[in-house]
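Summary of structural features
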Amino acid sequence: MTRKRSIKPGEVVADTKEFDTHIKKIVPRYDELHEAVLRSIPPDLSGKPKILELGCGTGELTRKVLDYYPKAQVIGVDYSSRMLAEAHKKLDRYGHRLDLRRGNFAEVDFPNDLDVVISTLAIHHLTDPQKLELFKKIYQYLKCEGWFANGDVTLFESNRHALLPLRVREEQAAAAGYKLNILDEETASGSGDYPATLKTQLNLLEIAGFQKIDVIWKFYQFAVYGGFKHCEPKEEVEYDISMPDF
Ligand SMILES: C[S@@+](CC[C@H](N)C(=O)[O-])C[C@H]1O[C@@H](n2cnc3c(N)ncnc32)[C@H](O)[C@@H]1O
């Protein structure tokens, strides 16, 4: 009897070597979404910026960040050892600039002093209360003026738009010459998916304390959005240093 390999939310396919080609079929404009995340990173980062990537998977976005920011130190977190194994094959040549860590990003502590936190196609595996907790944690670990960007799937506000994603997938499958039913058979079931509307996700960012929240890019149900951590200048505390009378 053959046993079906159990698949964690986000691993997408049973054979991880297939991930990089498969994801482009199920996420239209996958590379454009990555590019929007990269371009959203403020260009004024100085020194050796510390960038944390949540759910780095096989390291596709990670590789692009390392190339885009040749001085950056990138920490990638993912709970899937087989996704990380693929990422290592691609990325070990970056040496000390990269630190891949296995762990659940909803549970592990993050490194301090982060300049930027990024994520693609991973946070929708958390429920809304878990998303909020994560956003609060990201806010806590970001430096002042740090930026967080998430490129992820969203839900449309109206059910009357619910069929739009299917239309887009059908068009893409027809143009590229593959069958949607076969693609869907090869894709792990949607268990562990908790997408929220874009408005909800932006609200959660605001509740977590983020400011200058913006939507950078959107293509049907996929969006790249983010916010800054803005710290108020600390008020000068005046100490009374006069000596008491004895
Ligand atoms: C669909 S893949 C996307 C990978 C990559 N970000 C990309 O754009 O190609 C989602 C990744 O998030 C990881 N993931 C999902 N939930 C996670 C969690 N709570 N903690 C750590 N990794 C998680 C999965 O293992 C998977 O590698």
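Residues numbered from 1 in each chain as written. Predicted model: local features only at pLDDT ≥ 70, side-chain atom pairs only at ≥ 80, totals over all residues.

1. Examining helix α2 (residues 30-40)
- All of the buried residues in α2 are Leu 33, His 34, Ala 36, Val 37 and Ser 40. Along α2, the residues classed as buried sweep out an arc of 155 degrees about the axis, all on the same side.
- Lining the buried residues of α2 we find α3 (60-68), β4 (114-120), β5 (142-153), β6 (211-219) and β7 (222-228). (Buried ≥ 20, exposed ≤ 12 C-beta atoms within 10 Å, placed from the backbone. Helix = DSSP H or I, 4+ residues; strand = E, 2+ residues; numbered from the N terminus. Arc of directions from axis to C-beta. Contact = placed C-beta atoms within 7 Å.)

2. With respect to the site of the ligand
- Contacts to the ligand come from 23 residues, most closely from Gly 10, Gly 55, Gly 57, Ser 80 and Ala 122.
- Listed by contribution, the elements that provide at least two residues to the shell around the ligand are α3 and β2 (73-78).
- The residue inventory of the shell around the ligand, partitioned by class, reads 12 nonpolar, 7 polar and 4 charged. (Near = placed C-beta within 6 Å. Nonpolar A, V, L, I, M, F, W, Y, C, P; charged D, E, K, R; others polar.)

3. Description of the packing of α2 against α3
- Taken N-terminus to C-terminus, the directions of α2 and α3 make an angle of 40 degrees; their axes are 10 Å apart at the nearest point. The angle between the axes of α2 and α3 places the two elements in the oblique class. Seen from above, α2 lies across α3 with right-handed handedness. Between α2, through His 34, Val 37 and Leu 38, and α3, the contact on the second element is made entirely by Glu 60, Leu 61, Lys 64, Val 65 and Tyr 68. (Axes fitted to C-alpha atoms, helices over the stretch in contact; angles between N-to-C directions. Parallel < 35°, antiparallel > 145°, perpendicular 65-115°, else oblique. Left-handed = near helix turned anticlockwise from the far one by under 90°.)

4. Notes on the environment of Thr 187
- The topology assignment puts Thr 187 in the loop between α7 (180-186) and α8 (198-208).
- Its 16 C-beta neighbours within 10 Å are what place Thr 187 among the partly exposed residues.
- On a C-alpha basis, the gap between Thr 187 and Leu 132 in space is 28 Å, while along the polypeptide they are 55 residues apart.
- In this structure, Thr 187 is in contact with Val 12, Val 13 and Ile 26, ignoring residues within four places of it in sequence.

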